[in-house]
Amino acid sequence: VQLQASGGGRVQPGGSLRLACAASGGTFSGYIITWFRQAPGNEREFVAAKRWSGGNTRYADSVKGRFTISRDYTKNAVYLQMNSLKPEDTAVYYCAVTRTVWGNIGTISAYYYWGQGTLVTVSS
């Protein structure tokens, strides 16, 4: 499976962006799809995850209530709607997939495939 992340850009604090993660060469069926982010000088960190089939969803505390992860079966895509963006949300955002157990979704080494990353800059 190849993943393509898109939708990044520059936005002012308080603004919104929607990131997309599209799969090619396969589908998301059976996978957990997760967004991670990495700010300059920082470790890559978990942002949000969603099981492709089923209702499981999880968010990092830092984005809870502001970000929403969703899926579109017809487009074979996963989205990350980001509202009320803050300067500290500035990072390269990556989508990735895994078949690991739900309790392990924060473990980066559990992920099989990664998108190339899309840069989000929140600045006035």
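Above this text you will find the structure in question.
Predicted, not measured: the structure shown is a model, and the values here were computed from it.

Before going further, it helps to examine the overall build of the protein. Of the regular secondary structure elements, the protein holds zero helices and 11 strands. Helices and strands in the protein line up, N terminus first, as β-β-β-β-β-β-β-β-β-β-β. The C-alpha atoms of the protein give a radius of gyration of 13 Å, which matches the 14 Å a tight globule of 124 residues would have. When the backbone C-alpha atoms are referred to their principal axes, the protein occupies close to 40 × 30 × 25 Å. Relative to its 124 residues, the protein shows a buried fraction of 45%.

On to the nonpolar core, then. By size, the foremost hydrophobic cluster in this structure holds 38 residues, and its most contacted members are Phe28, Trp35, Val47, Phe67, Leu80, Met82 and Tyr93. Every element with two or more residues in this core is listed here: β1 (2–6), β3 (17–24), β4 (32–38), β5 (45–51), β7 (67–72), β8 (77–82), β9 (91–98) and β11 (118–122). No other element matches the five residues that β9 contributes to this core. In this view, Phe67 contacts Arg37, Val47, Tyr59, Leu80, Gln81, Met82, Asn83, Leu85, Asp89 and Tyr93; residues no more than four positions away in its chain are not counted.

A few words on unusual backbone geometry. In this structure, Asn76 is a non-glycine residue whose phi angle is positive, near 50°. Checked against the element boundaries, Asn76 lands in the loop between β7 and β8. On the accessibility criterion, Asn76 (15% relative accessible area) is buried. In the Ramachandran plot, Ser84 falls in the positive-phi region, its phi being about 50° despite a non-glycine side chain. Inspection of the secondary structure puts Ser84 in the loop between β8 and β9.

Strand direction decides the pairing type here: β1 and β3, joined by five bridges, are antiparallel. Within the sheet, the bridge partner assigned to Gln2 lies in β3 and is Ser24.

What counts as what
- Residues numbered from 1 in each chain as written.
- Predicted model: local features only at pLDDT ≥ 70, side-chain atom pairs only at ≥ 80, totals over all residues.
- Heavy atoms only, no water.
- Helix = DSSP H or I, 4+ residues; strand = E, 2+ residues; numbered from the N terminus.
- Rg over C-alpha atoms; globule rule 2.2 N^0.38 Å.
- Buried < 20%, exposed > 50% of the residue type's maximum accessible area, 1.4 Å probe, protein only.
- Core = buried A, V, L, I, M, F, W, Y, C linked by side-chain atoms within 4.5 Å.
- Contact = heavy atoms within 4.5 Å.
- Pairing = 2+ DSSP bridges.

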